[in-house]
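Close look at the chain arrangement
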Amino acid sequence: MSMTDLLHAEDIKKAVGAFTAVDSFDHKMFFQMVGLKKKSPEDVKKVFHILDKDKSGFIEEEELGFILKGFSPDARDLSVKETKILLAAGDKDGDGKIGADEFSTLVAES
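Residues numbered from 1 in each chain as written. Predicted model: local features only at pLDDT ≥ 70, side-chain atom pairs only at ≥ 80, totals over all residues. Heavy atoms only, no water.

So, unusual backbone geometry
Despite not being glycine, Asp23 shows a phi value in the positive range, around 65°. Mapped onto the elements, Asp23 comes out in the loop between α1 (9–17) and α2 (27–33). Backbone geometry at Lys55 places phi at a positive 55°, although glycine is not the residue there. Within the secondary structure layout, Lys55 lies in the loop between α3 (41–51) and β1 (58–60). A residue is classified by how much of its surface remains accessible, and Lys55, at 60% relative accessible area, is exposed. (Helix = DSSP H or I, 4+ residues; strand = E, 2+ residues; numbered from the N terminus. Buried < 20%, exposed > 50% of the residue type's maximum accessible area, 1.4 Å probe, protein only.)

What follows is the structure, given as structure tokens:
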């Protein structure tokens, strides 16, 4: 399954394009722009599994740095600052990674 099976390619393009400048990433705005906020809980979990590149059941800090690439392969990497902000917003239990339920909550709070 690819991201475009769940989200519209044009929405992905616009959302990724809105955050091309370093340190401009805003996960709340991004999740809304890409259409993820409007998706069912099941579809949000499918997106999580696409972003969980190593299939560990978690999106670790390193994977978070590449989150935009999970939506569009030619997107930029997040800066260290952006990655840490995203991790802090999503890691509700403080284990240093984001699980599927935490990701769902992060999207819902956007």
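From this point on, the discussion continues.
Remarks on the UniProt feature "binding site: Ca(2+) 2" (unreviewed entry) in the protein chain
In the numbering adopted here, UniProt assigns the feature "binding site: Ca(2+) 2" (unreviewed entry) to Asp91, Asp93, Asp95, Lys97 and Glu102. Along the chain, the position of Asp93 falls in the loop between α6 (80–90) and β2 (97–99). Residue Asp93 is classed as exposed on the basis of its relative accessible area of 53%. Secondary-structure assignment places Lys97 in strand β2. Apart from the residues lying within four places of it in its own chain, the contact partners of Lys97 are Phe58, Ile59, Glu60, Leu87, Asp91 and Glu102. (UniProt positions renumbered as here; feature names shortened; annotations may be inferred. Contact = heavy atoms within 4.5 Å.)

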